[in-house]
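Geometric and topological summary
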Amino acid sequence: MLSPKEFIDDAITKIKEEIQDEKAVIALSGGVDSSVCSVLVGEAIGKNLTAIFVNHGLLRKGEAEQVINTFEDRLNFIYIDASEEFLEALNGVTDPEEKRKIIGKKFIDVFEREASKIEAKYLVQGTIAPDWIETKGKIKSHHNIALPSGMVLEVVEPIRELYKDEVREIGSELGLPDAIIHRQPFPGPGLAVRVIGDLTRDKIKVCQKADAIVREEVEKSGFNKELWQYFAALTDTQVTGVKGDERDFGYLVVVRMVSSFDAMTAYVPEVPWELIRTISRRITSEISEVTHVSLSISDKPPSTIEFA
């Protein structure tokens, strides 16, 4: 078993041998896997790696700023604000699977457009062991991938034999901040699967605000150490409430907190009542569009961790 430092030294040597003086690109999401992979490959080939961060407008509050501040001075880093493109493509779409397909295609379009300018030979991916184990068959570690326009890139996966806890150890050794190393999993489609129904900028903002309150209070309480994921989802249900002395009509927000080992199964732990009450009071008092807050108590299975 290699120590984190030994793994990094060995990986840098292998990456240099494989990529040599060619150029490479990576899609940097800000998650722990792509972040560790970006910094590791950046240590090996420097400016020959370009890390592309695409903001699809469906990120959590403050997330784009966090990623930019973490990586813009450390990597050859490109930030693309494609939120208008994504939201225009998603206009009027309510089916969650259709949202996923549109976001996936649009992301490839945007990434490919930027990658083609770089004339890269290699595509770096932050694949880790559970990713290919779950496919029930090990994919070759060195293969070609063709993007839709026909641009062919060779794939490099330097952390594909690691598990999440090992990736975090490598990230710590590389000097990444805890906010990145211990970032909770976040779906690729972002808030598109946490805003039920049609997506509007106003609804996304409501979800961002509610989610920020959930994260802040859970982390302040220390309960995040017991959880795999914790977030707020905005339903398309509106319910009656009271604001001041008047009847109001607003959104129902659902708070989801689950514990898991590998996300294949998950359960809702016993959540401290004071934490639930604080979150509910903050959301309804600080977000005028929300009148009700509920707590999801369904395990996986039969439920999924995400709402859509």
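Everything numeric here is computed off the predicted structure, so don't read it as measured data.

1. A look at the overall build of the chain
Scanning the chain from N- to C-terminus turns up ten helices and nine strands. Computed over the C-alpha atoms, the radius of gyration of the chain is 21 Å, within 12% of the 19 Å expected from 2.2 N^0.38 for a compact globule of 308 residues. If you line up the chain on its principal axes, its C-alpha atoms span 70 × 40 × 40 Å. For the chain, with 308 residues in total, the buried portion stands at 49%. Sequence separation of 24 or more characterises 72% of the internal contacts of the chain that already satisfy a separation of 6 or more. Within the structure as shown, the chain displays about 15,400 Å² of accessible surface, and the carbon and sulfur contribution to it stands at 50%. Of note, the chain has its 38 positive side-chain charges centred 2 Å away from the centre of its 52 negative side-chain charges.

2. What about helix α7 (residues 164-173)?
Along α7, the residues classified as buried are V167, I170 and G171. Angularly, the buried residues of α7 cover 100° about the axis, an arc narrow enough to put them on a single face.

3. Re the packing of aromatic side chains
Applying the stated criterion across every chain yields a total of three aromatic pairs. Within the aromatic cluster, the residues linked to one another by ring pairs are F53, F77 and Y79. Directly above the ring of F186 sits R60, whose terminal nitrogen or CZ lies 4.2 Å from the centroid.

4. Things to note about the environment of F186
Residue position: F186 is located in the loop between α8 (178-181) and α9 (201-221). Taking the C-alpha atoms as reference, F186 lies 24 Å from T237; in sequence the two are 51 residues apart. With sequence-adjacent residues up to four places away left out, F186 is seen in contact with L58, L59, R60, E63, L191 and R194.

5. As for the pairing of strand β8 (residues 246-258)
Summarising the sheet, strand β7 (residues 229-243) and β8 pair through twelve bridges and their orientation is antiparallel. Bridging from a neighbouring strand, K243 pairs with E246 of β8. The pairing of β8 with strand β9 (residues 290-296) spans six bridges and is classified as parallel. Paired with V255 across the bridge in β9 is L295. For the crossover from β8 across helix α10 (residues 273-286) to β9, the handedness is right-handed.

About the cut-offs
Residues numbered from 1 in each chain as written. Predicted model: local features only at pLDDT ≥ 70, side-chain atom pairs only at ≥ 80, totals over all residues. Heavy atoms only, no water. Helix = DSSP H or I, 4+ residues; strand = E, 2+ residues; numbered from the N terminus. Rg over C-alpha atoms; globule rule 2.2 N^0.38 Å. Buried < 20%, exposed > 50% of the residue type's maximum accessible area, 1.4 Å probe, protein only. Contact = heavy atoms within 4.5 Å. Areas by Shrake-Rupley, 256 points an atom, 1.4 Å probe, with all protein chains shown as cover. Lys, Arg positive; Asp, Glu negative; His and termini not counted. Charge placed at Lys NZ, Arg CZ, Asp CG, Glu CD. Arc of directions from axis to C-beta. Phe/Tyr/Trp six-rings, centres within 6.5 Å; stacked < 30°, edge-to-face > 60°. Lys NZ or Arg CZ within 6 Å of the ring centre and 35° of its normal. Pairing = 2+ DSSP bridges. Right-handed = clockwise from strand over helix to strand, strands pointing away.

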